Amino acid sequence: MSTNKKLPEGLATETLAVRAGMTRSAHNEHSEALYLTSSFIFENAAQAAVRFSGEEEGNVYARFTNPSVTLFEERLAALEGAEACIATASGMAAITSLVMANLSAGDHIVASSSLFGSTIQLLGTILPRFGIETTFVSQTDAGEWDKAVRPNTKLLFCETPSNPLTQVADIRALSVIAKKHNVLLAVDNCFCTPILQKPLELGADIVVHSATKYLDGQGRVLGGAVCGNKAIVEKVFIFLRTTGPTLSAFNAWILGKGLETLSIRIKAQSASALELAKWLEAHPSVERVYYPGLPSHPQHQLAMQQQKSGGAIVSFEVKGGKDAAWRVIDSCQMLSITGNLGDTRTTLTHPASTTHGRITPEARAVAGINDNLLRIAVGLEAVDDICNDLARGLSAN
Ligand SMILES: *Cc1c(COP(=O)(O)O)cnc(C)c1O
């Protein structure tokens with residue numbers, strides 16, 4: 001007999017992160033078991049038939065469901081306050097599956113122009129081949145979103161704060177526009193995670209995640225998820241079950257454990273990010289700092305209303321242009337030079353030549369991604385060590 005007690009109602013997010021979704025096997029393991037199995041067996045022919053037909057709930061094949069994946073889904077749903085969640089092989093698989101499952105040829109999307117690069121590629125160049133068009137609008141001007149909605153619009157899509165300039169979209173205002181036009185609002189909650197921001201409570205219909213970033217938090221595996229009501233998630237499930245970008249059991253097991261430490265990690269990382277942002281703002285070689293937790297940020301008030309803190313991403317412009325920015329990177333002895341983010345180790349990148357290197361200089365200028373911009377994803381090192389590592393390159397400028 002396994003000891004599976006129902007959790008009490010009203011638990012805090014921090015508690016759900018370590019308790020939600022546990023279903024113990026007959027061995028009564030305390031830590032989550034890892035179910036490395038691609039298929040499941042049946043008692044008899046009749047059970048196989050009702051499992052396949054869906055008349056009886058239960059596992060059949062890991063492209064459909066796997067208990068390790070289910071645990072991660074239930075735990076993340078509890079954190080986002082969602083009715084349901086479906087895990088995917090990556091963040092891009094989550095976004096692609098969400099769109100393919102809920103939209104058809106002839107439908108239209110309104111999306112922020114400040115999205116993750118691959119999301120812009122998907123919406124701007126791949127989906128039009130299947131008859132799904134996207135209009136890109138300002139991250140910060142809700143009026144533009146309202147005007148861009150057409151009779152065939154089905155989805156509003158944003159990511160907040162944005163990468164790398166940390167622009168904040170007003171989720172509540174966008175949800176009012178979505179409801180007025182009877183369309184869905186989806187928010188990529190990768191940067192804040194449900195610890196700092198709960199888009200569904202602010203009126204969004206759907207949350208998507210790249211679990212690769214903070215949910216894992218230790219740079220080990222790819223994963224993604226779509227959270228929302230049962231009807232939306234069920235459609236994504238049917239799409240995944242048929243097409244296959246399902247989350248692997250091993251990655252789900254890593255991600256389920258990642259959620260247990262998410263709260264203390266993201267709170268520590270964002271506390272350090274605020275200190276770092278203040279230090280950078282006071283540095284004579286720094287032209288400008290982009291961080292929603294600073295009063296100088298254009299949407300500071302809004303960020304403090306919809307987020308619990310500024311998050312762990314800080315961008316800044318170095319006086320002296322691209323050469324000066326590269327000198328800061330090359331003078332670092334500790335920070336990791338990589339475009340990835342959401343790791344325990346602080347990462348540093350030059351967006352204009354890496355993450356945003358493939359768009360034209362003109363498009364970069366319109367987006368405000370200047371050649372002297374650097375982006376930091378703050379990790380768990382002592383903040384003084386992070387500042388000292390940057391100080392070497394900055395004082396050379
Ligand atoms: C990384 C990222 C994605 C894509 O996730 P993958 O897991 O790399 O597929 C989507 N959105 C945001 C905001 C991201 O940072």
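Everything numeric here is computed off the predicted structure, so don't read it as measured data.

(A) Here's a closer look at helix α7 (residues 171-181). All of the buried residues in α7 are I171, L174, S175, I177 and A178. Down the axis of α7, the smallest arc covering the buried residues is 160 degrees, so these residues share one side. Among the exposed residues of α7, those oriented more than 90 degrees off its buried face are R172, V176, K179 and K180.

(B) Structural detail: the domain arrangement of the protein chain. Here the protein chain is described as being made up of domain 1 (13-260) and domain 2 (263-394). Just the C-alpha atoms count here: the centres of domain 1 and domain 2 sit 27 Å apart. Contact with domain 1, which involves 29 residues of that partner, is made by 33 residues of domain 2. Both sides of the domain 1 and domain 2 interface together cover about 2700 Å² of buried area, and 58% of this is carbon and sulfur. It is L165, L196 and Y214 in domain 1 that bury the most area against domain 2; as a group they hold 27% of the surface buried on that side.

(C) Up close: the packing of aromatic side chains. One pass over the structure, following the stated rule, counts 3 aromatic pairs. Both rings, one in Y61 and one in F64, keep their centres 5.9 Å apart while their planes meet at 85 degrees; by these two values the pair is edge-to-face. Ring centres of F250 and W253 lie 6.1 Å apart, and the angle between their planes is 35 degrees; on these two criteria the pair is classed as tilted. Of this pair, F250 and W253 are both found in helix α10 (residues 249-281), 3 residues apart, which corresponds to roughly one turn of the helix. Cation over ring: R241 sits above F64, and NZ or CZ is 5.5 Å from the ring centre. Lying over the aromatic face of W326, K322 brings its terminal NZ or CZ to 4.3 Å of the ring centre.

(D) Fine view of the site of the ligand. Around the ligand, the neighbouring residues are S90, G91, M92, F116, E159, D188, C190, S210, T212, K213 and G223. Separating an oxygen atom of the ligand from a side-chain N or O atom of S210 is a distance of 2.9 Å. Between the ligand and T212, the relevant distance is 2.6 Å, taken from an oxygen atom to a side-chain nitrogen or oxygen of the residue. Its free accessible area being 380 Å², the ligand has 92% of it covered by the protein chains. Within the shell around the ligand, the residues separate by chemical class into 3 nonpolar, 5 polar and 3 charged.

Calculation notes
Residues numbered from 1 in each chain as written. Predicted model: local features only at pLDDT ≥ 70, side-chain atom pairs only at ≥ 80, totals over all residues. Heavy atoms only, no water. Buried < 20%, exposed > 50% of the residue type's maximum accessible area, 1.4 Å probe, protein only. Helix = DSSP H or I, 4+ residues; strand = E, 2+ residues; numbered from the N terminus. Arc of directions from axis to C-beta. Domains from an automatic or database assignment. Contact = heavy atoms within 4.5 Å. Buried area = accessible area lost by both parts, 1.4 Å probe. Phe/Tyr/Trp six-rings, centres within 6.5 Å; stacked < 30°, edge-to-face > 60°. Lys NZ or Arg CZ within 6 Å of the ring centre and 35° of its normal. Near = heavy atom within 4 Å. Polar contact = N/O pair within 3.5 Å; in protein donor to acceptor, adjacent residues only side chain to side chain. Areas by Shrake-Rupley, 256 points an atom, 1.4 Å probe, with all protein chains shown as cover. Nonpolar A, V, L, I, M, F, W, Y, C, P; charged D, E, K, R; others polar.

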